[in-house]
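# What the coordinates show
Chain residues, written in single-letter form:
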Amino acid sequence: MPDQIENTIRILTRITNGKTILLLKVNNFEISVLSFVGDSPEKYIQFNSSLFQLYKSSGVDSVSVENLPECKAVMNELNSTTCFLKKIHSVSEQNETVYLIIFADGVNNLLDTENDAIKSVLNVLSNQVKENYYPSAEKFHSISDRLIEAETLTNNWEDNFNRLLAISSDMIFILDKDGCFLRVNNFGAMMLDYDESEMIGKHFLDFVEPDKKIEVSIAFSKMLLSDRVIKIKTTLTTKLNKKVPVEVSGRTIAKNENIVGMLGICKDLTKLSKFEDELKKLKPKLIEAHRLISLERSRKWQHNSLIEELDRLKNEFVSNISHEFRTPLASIIGFSETIVSDPDLPEEMKAEFSVVILNEGKRLTKLINDILDLSKIQIGKLTLNRTTFNLADMLNELVESNRQLAEEKHLTIEFENSKEETFLDADREKIVQAFESIINNAIKFTNEDGRIKVILNNLSDEVEVIISDTGIGIPEKDLPYIFQKFYRVSRPGTEIPGTGIGLVFVKQIIDLHKGLISVQSELGNGTTFIIRLLKNIRIKK
Ligand code: ADP
């Protein structure tokens, strides 16, 4: 039994002087006690069953209940003067009723139906009974109420349709089977600067832009042939000759399988096409912005990958350079130790060992100088000490000084001079270092029986030095990078020692002389370096 109902009944006992109050539910099949206050409900079993019979046979009211012998018996027992009966709730579909029965003293109070306090408490009780015992019935009622409302609304569909026409911000229209306006809403007429009455009777095509009429009439013919909605974008002309871009959706209306007209909606696309135009104008800017963003992204990516690559090359350089130092040092220390520790060493051997020590020492000095020069270049300290010298002589000396090294590898090395004498105003020492480096590489990267050629060409404003070999060549993908610091071509299986700084130095020297250096190479067939240097006014003939 819900507490709230019991509380309400207790309130009723107080305001009605009730001794016992019963809340009974009765239908065609049973009678049950929903709530009670007072003596135990077992006392009322007889009373309840006679009430049940009465309910089924002739119906229940205050008088008939009071006349029941079982009621009188209860009243006697309770010493009460009144049996008050009130219908609290009924559900007609189930023939079910909830009654409140009060056995009390003093008739006046109870029969006073105008008593506001009793009236409102009974109201509260009625609602509580509905909520607690008949919630679905409540819903059922609200749904059925809604259905009734909906029915009322749909019965008034024409009024509602007219209201819809009035409030719509699109043109809604009905055409007859020939395509003439039967109805158009106020907004639709206004869209074309007409009154509704002016449009009635006119053909739809009369409002279509002349060069769009054909496609609209084709669309309308399609609509007449099919039972489907057609949708077409076109342009209408207003009374003031303005153009209105629209989207028309339409469908035929049929009666007894005969087409009697068409129903349609016209959406004004003016705003939309304005937005589309603006979007079109913005598109190139957007594309440009995208391009710039992706350019910036790829620059950043390149920058990052360049830093990573430099980092990798630096690490590689450190391990290469230590190897480059260690090899000559090992020979120098090894041969010197032998000379020092063996006083009986024959003089010829001592002389031979000394030459090795000298050459390895020179190699070390060159390496150290290269590294020092490189760091000078890096901090921009390398300066040129220009003198005028005969370039052909210089190249000839270089070829001769490398001949022994080349011949040890069974390589031929030759110099092809230009017909005229060529003088250059440059830093001789640096130019020697640069060409020496290229010739050293040519010897280093050319296998036995190969050829190395140094050619000097005297051009009008420049001199051209070509140093070519028939060596192992440089893969095409590596060519753009060989002048980069620490860059070395990876040659798995045939690793040739090096530091990756020789060509950096060469390029820096040529650049400092405002000259040009380029390289051509074919893997397996050889490499050619071409150096061009500006002649100078101080060139002597
Ligand atoms: P390294 O100390 O490695 O020789 P360089 O800066 O002198 O450094 O050369 C860079 C790279 O260019 C070398 O690792 C080599 O692979 C390639 N290279 C330079 N000259 C030649 C050549 N004449 N033939 C083949 N490869 C060459």
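Residues numbered from 1 in each chain as written. Predicted model: local features only at pLDDT ≥ 70, side-chain atom pairs only at ≥ 80, totals over all residues. Heavy atoms only, no water.

Another aspect to go through is the overall build of the chain. When helices and strands are counted, the chain shows 16 helices and 16 strands. Rg of the C-alpha trace for the chain: 57 Å, well past the compact-globule value of 24 Å for 541 residues, more than 25% over. Structurally, the chain occupies a C-alpha span of about 155 × 85 × 40 Å along its principal axes. When each of the 541 residues of the chain is scored for burial, the buried share is 38%. Contacts in the chain between residues at least 24 apart in sequence constitute 60% of all its contacts with a sequence separation of at least 6. (Helix = DSSP H or I, 4+ residues; strand = E, 2+ residues; numbered from the N terminus. Rg over C-alpha atoms; globule rule 2.2 N^0.38 Å. Buried < 20%, exposed > 50% of the residue type's maximum accessible area, 1.4 Å probe, protein only. Contact = heavy atoms within 4.5 Å.)

The next thing to look at is a nonpolar patch on the surface. Together, Ile 253, Val 260 and Leu 263 make up a nonpolar patch on the protein surface, roughly 210 Å² of accessible area in all. Relative to the elements of secondary structure, Val 260 occurs in strand β9 (residues 258-268). (Patch = residues over 30% accessible without salt bridge, like charges linked within 9 Å, V, L, I, M, F, W, Y side chains within 5 Å. Areas by Shrake-Rupley, 256 points an atom, 1.4 Å probe, with all protein chains shown as cover. Salt bridge = Lys/Arg side-chain N within 4 Å of Asp/Glu carboxyl O.)

Helix α16 (residues 502-512) packs onto helix α15 (residues 428-444) with a crossing angle of 145° between their chain directions and a minimal axis gap of 9 Å. Our pair here, α15 against α16, has a crossing hand that is left-handed. Every residue of α16 that contacts α15 at Lys 430, Ile 431, Gln 433, Ala 434, Ser 437, Ile 438 and Asn 441 is listed here: Gly 502, Leu 503, Phe 505, Val 506 and Ile 509. Grouping the amino acids of the contact of α15 with α16 by side-chain chemistry returns 7 nonpolar, 4 polar and 1 charged. (Axes fitted to C-alpha atoms, helices over the stretch in contact; angles between N-to-C directions. Left-handed = near helix turned anticlockwise from the far one by under 90°. Nonpolar A, V, L, I, M, F, W, Y, C, P; charged D, E, K, R; others polar.)

All right, on to the packing of aromatic side chains then. Tallied over the full model, the rule gives 12 aromatic pairs. Here Phe 173 and Phe 204 contribute two aromatic rings whose centre-to-centre distance is 5.2 Å and whose plane-to-plane angle is 35°, an arrangement assigned as tilted. Within this pair, whereas Phe 173 is found in strand β5 (residues 171-176), its partner Phe 204 is found in the loop between α10 (196-199) and α11 (213-225), the two being separated by 31 residues in sequence. Between Phe 483 and Phe 529, the aromatic rings sit 6.4 Å apart at their centres with planes inclined by 80°, giving edge-to-face as the arrangement. On the criterion of sequence distance, the pair formed by Phe 483 in the loop between β14 (462-469) and α16 and Phe 529 in strand β16 (residues 526-534) is long-range, its members being 46 residues apart. Phe 483 gets classed as buried once you look at its relative accessible area, which sits at 18%. Connected via pairs of aromatic rings, a cluster forms that spans Phe 173, Phe 181, Tyr 194, Phe 204, Phe 207 and Phe 220. (Phe/Tyr/Trp six-rings, centres within 6.5 Å; stacked < 30°, edge-to-face > 60°.)

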